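Inside the fold
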There are 2 protein chains.
Amino acid sequence: MSLLGILLLLLELSTISAMAKTRQFKWRVEYMHWSPDGVEGVVMAINGKFPGPTIRARTGDTISVELTNKLLTEGVVIHWHGIPQRGTPWADGTASISQCPINPGETFVYTFIVDKAGTYFYHGHYGMQRSAGLYGSLIVEVAKDEKEPFHYDGEFNLLLSDWWHKSSQDQQIDLSSKPFRWIGEPQSLLMNGRGQFNCSLAAQFSKSSVPQCKLRGDEQYAPQIIHVHPNKTYRLRVASSTALSSLNLAIGGHKMVVVEADGNYIQPFSVENMDIYSGESYSILFTTDQNPSNNYWISVNVRAREPKTSQGLTILNYIPNFGSKIPISPPPLPPLWNDYNYSKVFYKKIFGLIGSPKPPTQYNRRFLLLNTQNRIEGYTRWAINNISLVFPTTPYLGSIKYGINNAFDTKSPPDTFSKDYDIMKPPPNPNSTYGNGVYMLKFNTTIDIILQNANALAENVSEIHPWHLHGHNFWVLGYGDGDFTTEDAETTFNLNNPPLKNTIVVFPYGWTALRFVANNPGVWAFHCHIEPHLHIGMGVVFAEDVHLVKNIPNEALTCGLTGKMFAKDKHK
Amino acid sequence: MSLLGILLLLLELSTISAMAKTRQFKWRVEYMHWSPDGVEGVVMAINGKFPGPTIRARTGDTISVELTNKLLTEGVVIHWHGIPQRGTPWADGTASISQCPINPGETFVYTFIVDKAGTYFYHGHYGMQRSAGLYGSLIVEVAKDEKEPFHYDGEFNLLLSDWWHKSSQDQQIDLSSKPFRWIGEPQSLLMNGRGQFNCSLAAQFSKSSVPQCKLRGDEQYAPQIIHVHPNKTYRLRVASSTALSSLNLAIGGHKMVVVEADGNYIQPFSVENMDIYSGESYSILFTTDQNPSNNYWISVNVRAREPKTSQGLTILNYIPNFGSKIPISPPPLPPLWNDYNYSKVFYKKIFGLIGSPKPPTQYNRRFLLLNTQNRIEGYTRWAINNISLVFPTTPYLGSIKYGINNAFDTKSPPDTFSKDYDIMKPPPNPNSTYGNGVYMLKFNTTIDIILQNANALAENVSEIHPWHLHGHNFWVLGYGDGDFTTEDAETTFNLNNPPLKNTIVVFPYGWTALRFVANNPGVWAFHCHIEPHLHIGMGVVFAEDVHLVKNIPNEALTCGLTGKMFAKDKHK
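Here the structure is a predicted model, which means the values were calculated and not measured. (Residues numbered from 1 in each chain as written. Chains lettered and ligands numbered in written order. Predicted model: local features only at pLDDT ≥ 70, side-chain atom pairs only at ≥ 80, totals over all residues. Heavy atoms only, no water.)

1. So, the nonpolar core
Definition in use: What makes a nonpolar core is a set of buried Ala, Val, Leu, Ile, Met, Phe, Trp, Tyr and Cys residues whose side-chain atoms join them at distances within 4.5 Å. With a 1.4 Å probe rolled over the protein chains alone, any residue whose accessible area is under 20% of its type maximum counts as buried; one over 50% counts as exposed, and the rest are partly exposed. Contact definition: two residues touch when any of their heavy atoms are within 4.5 Å.
If you look at the biggest cluster of nonpolar residues, it comprises 107 residues, and the most contacted ones within it are Trp80(A), Tyr110(A), Trp80(B) and Tyr110(B). Once you skip the residues sitting within four places of it in the chain, Trp80(A) turns out to touch Trp27(A), Ile55(A), Val65(A), Gln85(A), Ala91(A), Asp92(A), Tyr110(A), Phe112(A), Phe121(A), Tyr122(A) and Leu138(A).

Structure (structure tokens):
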């Protein structure tokens, strides 16, 4: 795209709202020594910060991030998680799909509109660079002339993640090895990039021998204390960028009222604590109505895998108490890690706020996507309808737009799987195939996806998978245990007030149904947000009317076959 | 380059010698778990091998390596060390100079002629991928109708390297940090990728408490035993791909006759042991004239840095003794690590074989290149004439060929440095600048380079630097201590029978003089072959008549500003 092209686009975008601004950022991504949990390692930092800088904007604003890759030999991209990228699918920041990785030393400008208030985040989407720490928060406030549908006196933001002492590069190599080496449980849970590995803030309440943290407060791994005044209502924005972990969040002694999910308003409901899966974001309101002479714990705990990681902690500090004052009660405990019912009950409380868009009542195409763990040539992989995704070298957006042959499997992957498949048992034939075919969606059609979970390779094991869709929100129509049936759809789907989300879990041995309208020209990944699962094949790709996509910057496509195409005609 | 173009080029090349062959290889580069010294780590492997496969060819052959990058997020290139790449400067495999890094998933074909028999090797030349283990041997035998100028009954090949337990990626980050973190001494020395860290083959001769290795022989770190028959003469080809270490090689009880240096025949001379610096290669002849009932040690030891690394060992096995039979004498000991005189004496014995090309008696341009350690904005760097090289994003070969602006500093770096500079002291002003300017050389001119060593940042420290020139052999005209003077040139230069080499050391507080003719159109790096030194700026770049370079494959240039240029005119 020429400079003039960009200017014209910006001009066009800027007319959407007279109040809207273009918010420009210059970022450089580089490795940095850092101690996220008190043990020094290396993080992928932006402008010397880990996590990366928080972007705050208002609805209708244009974000323009000039990203320079200062890594030494690795490419990089950044995905703006939850932003639908209408008109700018090339800015989705997904390697192999929306653009080529930005080469070391090179700069790429992401320009896109944030069209909906909410709690979002951004992260690397190449290899396992999210695991390396490449993430940060993206908060979109309502436009100046608009109001949120709830009141609060102040707000805080918690970006949750998990952290390994082994580098994500080594983890990647482990996962890609034969025999497979699993990455294991994280060493620490981080809140805004801070956790404690060798000590605990709540050692005095613990039976373990971990010592009490002795912190000045300026350590890289010291918790970010949340300072509140008594008798106020606060909004806590929370997003999970974990590589693996499902989490449970609690504020000791305080109820939480959930008001937003993945950038969508929902009907407020109250909980004692809440599960949050990788790729999800929520806003909760809490009122500081407890004894003001105490501080309180804010805790995160591992769920859905047998926990081997200490809980993440910080302090809710009632001013004017000292921030470092230890709460008088022990930190909140989560539900049992494998009490999936607890999580299902939570999910079933989420409804779209009155006035939210409703789903079409009919679908045009329904996918049944079987989630299985498989083997290919001795490698351990995840597969969808028996195909394990390997990303192509040429981004789909370019290869489809320019009609390039041999860039990916032109045969569509199957829309469904055998009715005979027994989801309660390990795959009878665990061998699946590699593939990178695309589901081509017709414009404006309504798409149903039924995620069908199943037994993994080992007996009596079925794992949760938080599935994330790019380019769209979807309505969550329902959940169920066991095999999905057409009857389930007829009897249990909520077409009245389903919530919009961009990430949803499929529970062990269960199914989850969602619906969206294919009205966003581009190519969009739909994948398990557990980074090591995606890395070994757990995703599919949707293409929507790529011929309608305009203004793809050629700079986004100077790799693979599009790169060769550009170079081909050139004089030698 | 089109397929037809490649075919035509191959056809053209193949007419050079009726006997010449094209030798085709398909390689994939990927990470692999490996235990080079008994401690498991990760290596950069080729086709599942570490070190990479040995290429054997004959003079006049064309090598064609179809290299596929199977790394996950990193680019890659391979440099063919010692091959001048006449007519194929785009195949030199030097990132930022001759080509763009090959993106993950992509394939690039290196096609070049090996025009001179000798002992060569190949290695990564992007970031510190050589340190990661990306190297292998390249042996060029004389053409079928030709003979070597010496006799031998058999030959062996030893590729020497050094190995760290910290990944080269972490090392790179350490070196690029502020404050600087030095990588330290290697954990092990490797011969053909094999060393022993937690045990010694010669523990019984050692005073240390390291245990004797108990090896079956099939371990990844078991030494490659050299099997010989008594009373024969063998050729040992040896090349050093070390990241850091200068080495001394010895064969217990056997004299070595040096006959080849860096792919050039030299006047044979005999030594007890020999130094070999990173980037050098030699052939030596040895005769199995010792007591045939014993085996003998082959050893490598660290030189020129205070050794903290155990010697590397393997066994010279006189058949029919058991290969595992331990020699009766202790392994050879090297000269003192800082006995530079020993090494200078060795170097001064090297003369070109009678009949070798002689240097022009006059030079057209003489560079005096001051080697200093400096600081830039708090970063520790090496600088040449006060400029510390930072590689540009766009390969010089493309940016010069296509006349692209702003791809690199157009101002030439200085040809010389201040006469007042006191090489015996730390830099009075240690601050230097980053730069990536190029020395433009006129066609067919004779170039002198005087490498002038100096004191590093710390008092009384001056390090050795093995300088390697791409695209050329050079004549080594002389060496000296202290400041180089014009008088030195007049009185000490050997213009009669200097050896040709491609790598030469400059000793502490000394100078080394070399001469070459700028008759190879292309862009060529000249740099310290110590990988962490190059990584922090120790190199310069020569360009020779790039307008004469033909047939650069555009695929080599689909990054940076050349990539943008290709993409620019394309229809959107």
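2. Notes on the sheet that holds strand β1 (residues 22-34) of chain B
Residue and element names in this part refer to chain B. Using the following cut-off: Strand pairing is assigned whenever DSSP identifies at least 2 bridges connecting the two strands. Numbering of helices and strands runs from the N terminus, with a helix taken as a DSSP run of H or I at least four residues long and a strand as a DSSP run of E at least two residues long. Note on method: axes are straight lines fitted to C-alpha atoms, helices fitted across the in-contact stretch only, with angles between N-to-C directions ranging 0 to 180 degrees.
In space, the 4 strands of this open sheet follow the order β2-β1-β4-β6, with mixed pairing throughout. Looking along the sheet, the strands with just one partner apiece sit at the ends: β2 (41-46) and β6 (107-113). Pairs of neighbouring strands in the sheet enclose a mean axial angle of 20 degrees, with direction left out of account.

3. Let's talk about the interface of chain B and chain A
Rules: Once two parts are joined, some of their accessible surface, as seen by a 1.4 Å probe, is lost; buried area is that loss totalled over both. In the sections that follow, a salt bridge refers to a side-chain nitrogen of Lys or Arg positioned within 4 Å of a carboxyl oxygen of Asp or Glu. Definition of a polar contact: a pair of N or O atoms within 3.5 Å, with one able to donate and the other able to accept a hydrogen when the atoms are protein atoms, and with sequence-neighbouring residues admitted only if both atoms are side-chain atoms.
Contacts between the two partners involve 45 residues from chain B and, on the opposite side, 45 residues from chain A. Where chain B abuts chain A, roughly 3,800 Å² becomes buried across the two surfaces, and 53% of that area is made up of carbon and sulfur atoms. Linking Arg181(B) and Glu40(A) is a salt bridge whose minimum nitrogen-to-oxygen distance equals 2.7 Å. The tally of links between chain B and chain A comes to 18 residue pairs in polar contact (both at pLDDT 80 or more).

4. Let's talk about the relation of the copies chain B and chain A
Applicable threshold: We superpose the copies by least squares over the C-alpha atoms of residues that have a pLDDT of at least 70 in both of them.
Of the transformation superimposing chain B on chain A, the axial component is 0.0 Å and the angular component is 180 degrees, with the fit at an RMSD of 0.0 Å. The superposition operator between the copies reduces to a two-fold rotation axis. The C-alpha atom lying nearest the rotation axis in chain B is that of Glu74(B); the distance is 2.1 Å. The fraction of interface residues of chain B whose copies in chain A are also interface residues reaches 100%, indicating that both copies meet through the same surface.

5. A look at the state of the cysteines
In a disulfide, the sulfur atoms of two cysteines are held together by a covalent bond. Residue and element names in this part refer to chain A. For clarity, the threshold we go by: Any two cysteine sulfur atoms within 2.5 Å of one another count as a disulfide.
For the structure on display, the rule yields 4 disulfides over all chains. Between the sulfur of Cys199 and that of Cys213 lies a disulfide, 2.1 Å long from S to S. In this structure the cystine formed by Cys199 and Cys213 twists about its S-S bond by roughly 95 degrees; its chirality is therefore right-handed. With Cys199 in the loop between β10 (188-191) and β11 (226-228) and Cys213 in the loop between β10 and β11, the pair connects residues that are 14 residues apart, well separated along the chain. Each of the two residues, Cys199 as well as Cys213, counts as buried.

6. Looking at the environment of Val546(B)
Residues and elements named next belong to chain B. When you line up the elements, Val546 lands in the loop between β32 (539-544) and α7 (560-568). By relative accessible area, Val546 is classed as buried at 4%. Note: C-alpha distance between Val546 and Ala513 (33 residues apart in sequence) is 26 Å.

7. Some thoughts on the pattern of salt bridges
Residue and element names in this part refer to chain A. Under the defined criterion, the tally for this structure stands at 48 salt bridges over all chains. In this structure, Glu66 engages Lys26 in a salt bridge whose closest nitrogen and oxygen atoms are separated by 3.8 Å. Placement of Glu66 in strand β4 (residues 62-69) and of Lys26 in strand β1 (residues 22-34) is noted, with a sequence separation of 40 residues between them. By relative accessible area, which is 30% here, Glu66 ends up partly exposed. For Arg56, the salt bridge identified is with Glu155, shortest N-O distance 2.6 Å. Placement of Arg56 in strand β3 (residues 55-58) and of Glu155 in strand β9 (residues 154-163) is noted, with a sequence separation of 99 residues between them.

8. Quick word on the side chain of Asn374(A)
All names here are of chain A. Along the chain, the position of Asn374 falls in strand β20 (residues 365-376). Engagement of the side chain of Asn374 in a polar contact is seen with the side chain of Thr372, the distance being 2.6 Å. Side-chain polar atoms of Asn374 contact the backbone oxygen of Pro430, separated by 2.9 Å. In this view, Asn374 contacts Tyr379, Thr380, Arg381, Ala383, Asn386, Asn429, Pro430, Asn431, Ser432 and Leu457; residues no more than four positions away in its chain are not counted.

9. Notes on the packing of aromatic side chains
Where we set the bar: Planes of paired rings set the category: under 30 degrees apart is stacked, over 60 is edge-to-face and the rest tilted, where pairs are Phe, Tyr or Trp rings (Trp by its six-membered ring) whose centres lie within 6.5 Å.
Under the counting rule described, the total for this entry stands at 74 aromatic pairs over all chains. Three or more aromatic residues joined by ring pairs make a cluster, and in this case those are Phe25(A), Trp27(A), Trp80(A), Trp90(A), Phe108(A), Tyr110(A), Phe112(A) and Tyr122(A).

10. A look at the UniProt feature "domain: Plastocyanin-like" (unreviewed entry) in chain A
All names here are of chain A. Counted only if it meets this: UniProt positions are given in the numbering used here, feature names are shortened, and annotations may be inferred rather than shown by experiment.
Taking the UniProt record as the reference, the feature "domain: Plastocyanin-like" (unreviewed entry) is found at residues 29-142, 156-319 and 425-545. Secondary structure within residues 156-319 divides into 5% helix and 42% strand; the distance between the first and last C-alpha atoms comes to 15 Å. As a span, residues 425-545 carries 10% helix and 44% strand, and end to end its C-alpha atoms are 39 Å apart.

11. Brief notes about the environment of Val461(B)
Along the chain, the position of Val461(B) falls in the loop between β25 (446-452) and β26 (465-469). Those residues in contact with Val461(B) that lie beyond four places of it in its chain are Ala454(B), Asn455(B), Ala456(B) and Tyr509(B).

12. Details of the sheet that holds strand β12 (residues 233-240) of chain B
By definition, the strands of a sheet pair up through backbone hydrogen bonds, in either a parallel or an antiparallel sense. Residue and element names in this part refer to chain B. Overall, mixed pairing links the 6 strands, which are arranged β10-β9-β12-β17-β14-β15 in an open sheet. Unpaired on one side and paired on the other, β10 (188-191) and β15 (264-271) mark the two borders of the sheet. Strand-to-strand twist of the sheet, defined as the mean angle between neighbouring strand axes without regard to direction, takes the value 25 degrees.

13. A look at helix α7 (residues 560-568) of chain A
If you check which residues of α7(A) are buried, you get Gly560(A), Thr562(A), Gly563(A), Met565(A), Phe566(A) and Ala567(A). In this fold, the buried residues of α7(A) make contact with α4 (396-401) of chain A together with α7 of chain B.

14. What to know about unusual backbone geometry
A cis amide bond links Phe50(B) with the next residue in sequence, Pro51(B), at an omega value of -15 degrees. Inspection of the secondary structure assignment puts Pro51(B) in the loop between β2 and β3 (55-58). Of note, Asn192(A) is a non-glycine position whose phi angle comes to about 50 degrees, a positive value. Assignment of secondary structure puts Asn192(A) in the loop between β10 and β11. Exposure remark for Asn192(A): the relative accessible area of 11% places this residue in the buried category.

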